[in-house]
Amino acid sequence: MARISLSCRGWQLSCAPHINWGSSKVLATCVISIALLCIIVVTVIETRRIQNEINTADASPRHLRVPRKKLSITEPTDVNDMDLHYGVVIDCGSSGSRVYVYVWPKHSGNSNELLQIEQMIDKDLKPVSKKIEPGLSTYGDKASEASEYIRPLLKYAADHIPSSKHKETPLYILATAGMRMLTESQQTAILSDLRVDLPMYFDFLFGENHVEVITGKQEGVYAWIAMNFALGRFDHNEDEVSGTPLSKMELPNEGSSSKPHYRKRTVGIIDMGGGSVQIAFEVERSDISKSLLAEFNLGCQDSDIDHTYRVYVTTFLGYGANAARSRYEKMLVNNTVFYSPTGMGESELPPIKDPCLPEEMEDTVSFKNKDYKIYGTGNYLKCKLNMHKLLNTSVPCQKEPCSLNGVHQPDINYHYSEFYGFSEFWYTMEDVFRIGGKYNFDQFEHKAKEYCASKWSTLEDWFNKKLYPKADQHRFKYQCFKSSWMSKVLHDGFKFPHEYNSFTSASLVDGKEVQWTLGALLYRTRYYPLREIQQLEFQRYHPPWHRSSILDNHILLVIIVFIILAIIGLYIRRMRKLAVIRAGLSRVPSMSYFMVGEDQMEQGIKIERTMYS
Ligand SMILES: Nc1nc2c(ncn2[C@@H]2O[C@H](COP(=O)(O)OP(=O)(O)OP(=O)(O)O)[C@@H](O)[C@H]2O)c(=O)[nH]1
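Residues numbered from 1 in each chain as written. Predicted model: local features only at pLDDT ≥ 70, side-chain atom pairs only at ≥ 80, totals over all residues. Heavy atoms only, no water.

Under Subcellular location (unreviewed entry), UniProt gives the following word-for-word description of the protein chain: "Endomembrane system". Note on the protein chain: under the UniProt heading Sequence similarities (unreviewed entry), the record states "Belongs to the GDA1/CD39 NTPase family." (UniProt positions renumbered as here; feature names shortened; annotations may be inferred.)

Right under this line is the structure:
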């Protein structure tokens, strides 16, 4: 009868007078057959999985691609998820510094998708963010204390991010208007102190260019990126479903026969901080001065046209709400001193009347080491008239049309465009007036007039009763001024018509906070997806059985180790038996044999037993 037997010399087909399957032979045959089957199954599954991944990432039609994983904002961030990445950005503004911790899942490997960056959510379901006051710029004359000032913010961030992730977590400390107003040597001293001291205390990824004073233009672009990202305007999914209008894109070097390229229409932003104001919106024309344009690619590949944008962006230092108030007070004092009767000393001046403060409010202004008393008369329209000079709209315009300070601003299509207002626009509309969101000129004017005309004693009473919990005392005192300034900049500066109905003040989009810091992180980490993309590319050209990543497949690895051990075990067993037989037969000199199978071995043992029994 034919049968298969296993020996250390290989498989053998042998004939035997009767079936005598040794239990070890059956076991070995089963084990190896199962193992081979497993290898085949695992390899097939693995190949299919990788093929699927490659297909989703690179071959599916663009409009069908969806982000692989979105983080929830209604659940705390899962700090045990080792696939999550973290990023820390500190906004060192003129009024204070705020740290934001961001988080994003592993990139899908689809070169058309940006990182899905979200704000980290703590266990109380609050975004991980903390503010300290005053601003970093107050350390102009004591630069060596700057790192001490920032440390509590970094400690807060470090406590929230798993320590095993610190090394790979990029940290950016970016300063804005307040620092821009310092001298260059003051700025350098502060930045050096941060660069030298902070890496000694924290293990974050912290390069030389991770701490800098960013330009107003960068701040504007980052705010523009943040808002459009939050609104999903960089996605490339079904637009009929999302209802977002499309805009046609001019593609560089495109032949006339090629199809027009469409992508979602982006929104414009106006970001008014305490020190500066930025405006940014996408433009088609390129005949705009380079200093007013930002052309950038948000994608990780240079050839990515879907994420290449041309944005008009400009910044006005000193036009933020707090800086504007300082300029206004200076103007008020100068005018009063200039027009006061000759011979009258400054200390004898009656309180200066200010229509931009609520009625009967008293305030003191320090100017050139002298204090001046100011008395509110609460007149919104007069306030707007008074501050007109601060817009500097009479500065000669180099190229028509111009906005503030003689700076060119290309025409805005008021029928199709959408604009979002950040920071002061949101706080001014929401904190006291409670009309944050869609802007309506008449409604805003009505609220502002009413507020300015209110007696300060009434407003103080409301404040003390905590009727407006979002507003601090500073906001209450200067709300009349700030609302006049906001309206003035929007309509007389940036020339938005009163009836324009596509302006929205915003702080949250879909429950997520939108700050320029998000845009900064998106822009600065834009090459991060390359690693994942390269991995997928590698998998595409190296089938699973060829690539070194086979080591990543634990099941396959266990099976292989098991087979090797089984073979070694069988081999040792076999060698032992052979040694026993050889020892026995060496005592029978006439007998010669050549045994390779177990049958022969058993036969030999039987002969041996009969001989010596
Ligand atoms: N209610 C409320 N008001 C805020 C908050 N943060 C800032 N403000 C107000 O908004 C004004 C502008 O602050 P930011 O938007 O932080 O501007 P900034 O970063 O200091 O200014 P820049 O350096 O010009 O960018 C401040 O003077 C505050 O009155 C906040 O969290 N809540």
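Enquirer: I keep staring at unusual backbone geometry and nothing clicks. Help me out?
Expert: Leaving glycine out, the prevailing phi sign among residues is negative, and the prevailing peptide bond configuration is trans. In this chain, Glu-133 is followed by Pro-134 through a cis amide linkage whose omega measures 0 degrees. Among the secondary structure elements, Pro-134 is positioned in the loop between strand 6 (129–132) and helix 2 (146–160). In this structure, Asn-405 takes a positive phi of about 60 degrees despite not being glycine. As for its position among the elements, Asn-405 is in the loop between helix 8 (380–386) and strand 18 (419–423). Positive phi is not limited to glycine here, since Arg-434 has a value of about 55 degrees. Among the structural elements, Arg-434 can be located in the loop between helix 9 (424–432) and helix 10 (441–453). (Helix = DSSP H or I, 4+ residues; strand = E, 2+ residues; numbered from the N terminus.)

Enquirer: What should I look at first to understand the pattern of salt bridges in this one?
Expert: Close approach of charged atoms allows side chains with opposite charge to pair. On inspection of all chains with the given rule, the structure shows 23 salt bridges. Residue Glu-133 is joined to Lys-131 by a salt bridge in which the shortest nitrogen-to-oxygen separation is 3.9 Å. Accessibility expressed as a relative area gives 58% for Glu-133, which makes it exposed. According to the relative accessible area criterion, Lys-131 is partly exposed, its value standing at 35%. Three or more residues are tied together by salt bridges with common partners; here these are Glu-424, Asp-431, Arg-475 and Lys-482. (Salt bridge = Lys/Arg side-chain N within 4 Å of Asp/Glu carboxyl O. Buried < 20%, exposed > 50% of the residue type's maximum accessible area, 1.4 Å probe, protein only.)

Enquirer: Help me out: how do you make sense of the site of the ligand in this one?
Expert: Of all residues adjacent to the ligand, which total 21 residues, the nearest are Ser-95, Thr-176, Gly-275, Asn-322 and Asp-431. Here an oxygen atom of the ligand sits 2.9 Å away from a polar atom, N or O, in the main chain of Gly-274. A distance of 3.3 Å is found between an oxygen atom of the ligand and a side-chain nitrogen or oxygen belonging to Lys-482. Bound to the protein, the ligand loses 83% of the 640 Å² it would expose on its own. Judged by its atoms lying within 2 Å of the grid points, the ligand is housed in the largest pocket. Of all the elements, helix 9 adds the most residues to the shell around the ligand, at three residues. Taken together, the residues of the shell around the ligand break down into two nonpolar, eleven polar and eight charged. (Near = heavy atom within 4 Å. Polar contact = N/O pair within 3.5 Å; in protein donor to acceptor, adjacent residues only side chain to side chain. Areas by Shrake-Rupley, 256 points an atom, 1.4 Å probe, with all protein chains shown as cover. 1 Å grid on protein atoms, 1.4 Å probe; cavity = no way out; pocket = protein on both sides within 12 Å on 5 of 7 lines; lining within 4 Å. Sits in = over half its atoms within 2 Å of the grid points. Nonpolar A, V, L, I, M, F, W, Y, C, P; charged D, E, K, R; others polar.)

Enquirer: What's the story with the nonpolar core in this structure? I'm lost.
Expert: When a protein is soluble and globular, its nonpolar side chains tend to lie buried together. The biggest cluster of nonpolar side chains holds 63 residues, and the ones touching the most others in it are Ile-270, Phe-419, Trp-485, Phe-494 and Phe-496. At eight residues, the largest contribution of residues to this core is made by helix 12 (residues 473–493). Counting the residues that make up this core, at least three belong to each of domain 2 (85–317 + 515–538) and domain 3 (321–505). Residues in contact with Ile-270, not counting those within four places in the same chain, are Val-277, Gln-278, Ile-279, Phe-419, Tyr-420, Gly-421, Phe-422, Phe-425, Leu-490, Phe-494, Phe-496 and Phe-503. In this structure, Leu-114, Leu-174, Tyr-309 and Val-514 belong to the second largest nonpolar core, which totals 38 residues. (Core = buried A, V, L, I, M, F, W, Y, C linked by side-chain atoms within 4.5 Å. Domains from an automatic or database assignment. Contact = heavy atoms within 4.5 Å.)

Enquirer: Explain the sheet that holds strand 13 (residues 293–297) here, please?
Expert: Judged by pairing direction, the sheet is mixed, and its six strands sit side by side in the order 13-14-12-11-18-19 without closing on themselves. Because the sheet does not close on itself, it has two edges, and the strands there are strand 13 and strand 19 (503–505). This sheet shows a mean twist of 20 degrees between the axes of neighbouring strands, independent of strand direction. Sheet topology places strand 12 (residues 276–282) next to strand 14 (residues 308–317); seven bridges connect them, and they run antiparallel. Among the inter-strand pairings, Glu-282 is bridged to a residue of strand 14, identified as Val-311. Helix 5 (residues 216–230) contacts strand 11 (268–272), strand 12, strand 13, strand 14 and strand 18 of the sheet and is inclined by roughly 55 degrees relative to strand 12. (Pairing = 2+ DSSP bridges. Axes fitted to C-alpha atoms, helices over the stretch in contact; angles between N-to-C directions.)

Enquirer: When you look at a nonpolar patch on the surface in this model, what are you seeing that I'm missing?
Expert: On the surface, Ile-560, Val-561, Ile-564, Leu-565, Ile-568, Tyr-571, Ile-572 and Met-575 cluster together to form a nonpolar patch covering roughly 710 Å² of accessible area. By relative accessible area, Ile-568 is classed as partly exposed at 43%. (Patch = residues over 30% accessible without salt bridge, like charges linked within 9 Å, V, L, I, M, F, W, Y side chains within 5 Å.)

Enquirer: Is there a simple way to explain the packing of helix 9 against helix 12 in this structure?
Expert: Packed helix pairs are characterised by how far apart their axes lie and by the angle those axes make with each other. Axis separation between helix 9 and helix 12 bottoms out at 10 Å; the angle between their running directions is 130 degrees. What the angle tells us is that helix 9 and helix 12 run oblique. Seen along the crossing, helix 9 lies across helix 12 with a hand that is left-handed. For the pair formed by helix 9 and helix 12, the contact residues are Glu-424, Phe-425, Tyr-427, Thr-428, Met-429, Asp-431 and Val-432 on the first element and Arg-475, Phe-476, Gln-479, Lys-482, Ser-483, Met-486 and Leu-490 on the second. Among the residues making up the contact of helix 9 with helix 12, the classes are represented as seven nonpolar, three polar and four charged. (Parallel < 35°, antiparallel > 145°, perpendicular 65-115°, else oblique. Left-handed = near helix turned anticlockwise from the far one by under 90°.)

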